[in-house]
Amino acid sequence: MKNIITIAGSGSGYTPGILLTALSYKDEFPIKEIRLYDIDEERNEQMRIIMDYLLHRENVDVELIATSDPQVAFYGCNFVFSQIRAGGMKMREMDEKIPLKLGLVGQETCGLGGFAYGMRSMKSFVELVGFIQEYAPDAWILNYTNPESIIAETVRRRFPKAKIINACDMTIGIEELLENSFGYDRQNFISTYYGLNHFGWYREIYDVQRGKDIMPEIIEKIITQGFKTSDLDPSWAKTYQLMAEMQQDFPQYLPNNYLEYYLYPNKIVEEANPDYTRANEIMDGRLKQITDTVSKIKEKRDLETINYQSGVHGQYIVRMAISILHSRNDRFMLIVPNRGAIPNVREDAVVEVPCYVNAKGVEPISLRDPIPDFHKGLMEAQVAAEKLLVDAFFEHSYQKAFQAFTLNQTVPNATVAKQALDEMIKANGDQWVELKGGPTYASVNY
Ligand code: G6P
Ligand code: MN
């Protein structure tokens, strides 16, 4: 069977990488049609031009359309790869800058930036899944939409039967980093990881060739040598340097890099530039690359410099689709309802654990042993904060949002939580659901 793939949020700079990966697996994953779906029509058209060029360059016959009409996008498709970014980079910039100006971590998916983004993303994603349920109820949704834990919790509540797999490429990104830094082959890893999205730890990295857990040796190398970051984007290089420092402080388990926002908010804030954040870097980098590439294609110049590559982001999602199609039972870290997978964490948390993927969907692996109190404590606070935010969304409750903001572990007190919340309500306008019971209702000036 040949597949019809819809990429939701196709204006993203990651889209060409997904295409190139998919084409490299064309025997296992034959594609008939690719549909680019984005509400930003201008960017989507730019992406169509790039994708069309790449398809011709690779000499493959795949139908390609770009649309902002959900019916055209989803009707009859069998896979949706979703990577929508509600509010685009402009609102990512606000998510990062508003907290920073208040002395708090300003990050896309962590801290209050992640919660502001979460409020927008829930609204857009519920609408998106609604369209898919209407036009392609049998399609598999392979979802990268952030902030993933919040989105997974929302979909579970609103569409409990949706055929969705929530995934994040960070663990495969970390494994690739281990490979590049220390010369391992990650194909030999059987990893055991647990936590929440962007909030977890490796407990074991079993090496199939050597027949043992090599995590202690990896941790030793991280502590003594650090990571090899010379060929990485400078922001990511910095992130991984701090991750190595975090490893020194907590040498028992290998942490997800995103924990640095919760454990060292002081360092993060000190080193950040509140006037030029990651969103600015992306706008001046990845997004500009899209416009530049389109000009090159239109003017037929410097074509050899067009540099899009297949990377882990594309590989993870395409390999998941293949594992479903061929019922391969490949193993991925995925974001699923806990239900005992981590035995001493609440049942109704949405956690990130290893899972097998096959024709039935996802089969999570139980960790069986309890996790340490340090991790459990951090996780439980985060789960409660995320759940409160999702409650706030469904109940339109200012009070729940305020509680979520206060409980977030990057926030030192309720006063600043409220300041941030009120600023974010203003900045987001109708991109958030209306929250009732807040200052606009309570504090009328007479
Ligand atoms: C990783 C994370 C994604 C996140 C991205 C941000 O891939 O898993 O969830 O969105 O990094 O990267 P950027 O280059 O946009 O800052
Ligand atoms: Mn992620």
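Residues numbered from 1 in each chain as written. Chains lettered and ligands numbered in written order. Predicted model: local features only at pLDDT ≥ 70, side-chain atom pairs only at ≥ 80, totals over all residues. Heavy atoms only, no water.

Draft legend 1. Fine view of the coordination of the manganese ion (ligand 2). Note on the manganese ion (ligand 2): its protein donors are Cys168 (SG) and His198 (NE2). The metal-donor distances range over 2.2 to 2.4 Å. Taken together, the positions of cysteine 168 in the loop between β6 (164-167) and α7 (170-182) and histidine 198 in the loop between β7 (189-196) and β8 (199-207) put the pair 30 residues apart, joining distant regions of the chain. Under the relative-accessibility criterion, cysteine 168 is labelled buried at 4%. (Donors = N, O, S within 2.8 Å, 3.2 Å for Na, K, Ca; no water. Helix = DSSP H or I, 4+ residues; strand = E, 2+ residues; numbered from the N terminus. Buried < 20%, exposed > 50% of the residue type's maximum accessible area, 1.4 Å probe, protein only.)

Draft legend 2. Inspection of the layout of surface pockets at higher detail. The space that makes up the second largest pocket amounts to roughly 540 Å³. Taken together, the residues of the lining of the second largest pocket sort by class into 15 nonpolar, five polar and five charged. (1 Å grid on protein atoms, 1.4 Å probe; cavity = no way out; pocket = protein on both sides within 12 Å on 5 of 7 lines; lining within 4 Å. Points joined across faces, edges and corners; volume = space filled by probe spheres on them. Nonpolar A, V, L, I, M, F, W, Y, C, P; charged D, E, K, R; others polar.)

Draft legend 3. Up close: the site of ligand 1. Near ligand 1 you find 13 residues, and of these Arg92, Asn146, Asp169, Arg278 and Arg286 are the closest. Interatomic distance of 2.7 Å between a side-chain N/O atom of asparagine 146 and an oxygen atom of ligand 1. Within the side chain of arginine 278, one N or O atom sits 2.7 Å away from an oxygen atom of ligand 1. Protein burial of ligand 1: of its 390 Å² of free accessible surface, 90% is covered by the chains. (Near = heavy atom within 4 Å. Polar contact = N/O pair within 3.5 Å; in protein donor to acceptor, adjacent residues only side chain to side chain. Areas by Shrake-Rupley, 256 points an atom, 1.4 Å probe, with all protein chains shown as cover.)

Draft legend 4. Up close: the packing of aromatic side chains. The final tally for this structure, using the stated rule, is 20 aromatic pairs. Aromatic side chains tyrosine 194 and tryptophan 201 sit 6.1 Å apart centroid to centroid with 40° between the ring planes, which places their arrangement in the tilted category. A relative accessible area of 4% means that tryptophan 201 is categorised as buried. Consider the rings of tryptophan 236 and tyrosine 240, whose centres lie 5.6 Å apart with planes at 40°: the pair is tilted. Of this pair, tryptophan 236 and tyrosine 240 both sit in helix α9 (residues 234-249), four residues apart, roughly one helical turn. What makes tyrosine 240 buried here is its relative accessible area of 7%. Aromatic rings pair up to connect Phe182, Tyr184, Phe189, Phe227, Trp236 and Tyr240 into one cluster. Its end group placed over the ring of phenylalanine 159, arginine 158 keeps NZ or CZ at 4.5 Å from the ring centre. (Phe/Tyr/Trp six-rings, centres within 6.5 Å; stacked < 30°, edge-to-face > 60°. Lys NZ or Arg CZ within 6 Å of the ring centre and 35° of its normal.)

Draft legend 5. Just the pairing of strand β5 (residues 140-143), in detail. Both faces of β5 are covered, namely the face carrying Trp140 and Leu142 and the face carrying Ile141 and Asn143. Sheet topology note: the strand β4 (residues 79-82)/β5 ladder contains four bridges and is parallel. For phenylalanine 81, the partnering residue across the bridge sits in β5 and is leucine 142. In this region the chain leaves β5, passes through helix α6 (residues 148-158) and returns to the parallel neighbour β6; the handedness of that crossover is right-handed. (Pairing = 2+ DSSP bridges. Right-handed = clockwise from strand over helix to strand, strands pointing away.)

Draft legend 6. Here's a closer look at the UniProt feature "active site" (unreviewed entry) in the protein. UniProt feature "active site" (unreviewed entry): in the numbering of this structure it lies at Asp169 and Tyr258. Over a stretch of 90 residues, the named residues converge on one spot in the fold, their C-alpha atoms separated by at most 12.5 Å. Following the sequence through the fold, aspartate 169 ends up in the loop between β6 and α7. Excluding anything up to four places from it in sequence, aspartate 169 contacts Tyr144, His313 and Tyr316. Inspection of the secondary structure assignment puts tyrosine 258 in the loop between β10 (254-255) and α10 (260-263). Note on tyrosine 258: relative accessible area 7%, which makes it buried. With residues up to four places along the chain from it excluded, the contact list for tyrosine 258 reads Gln107, Glu108, Thr109, Cys110, Met170, His198 and Trp236. (UniProt positions renumbered as here; feature names shortened; annotations may be inferred. Contact = heavy atoms within 4.5 Å.)

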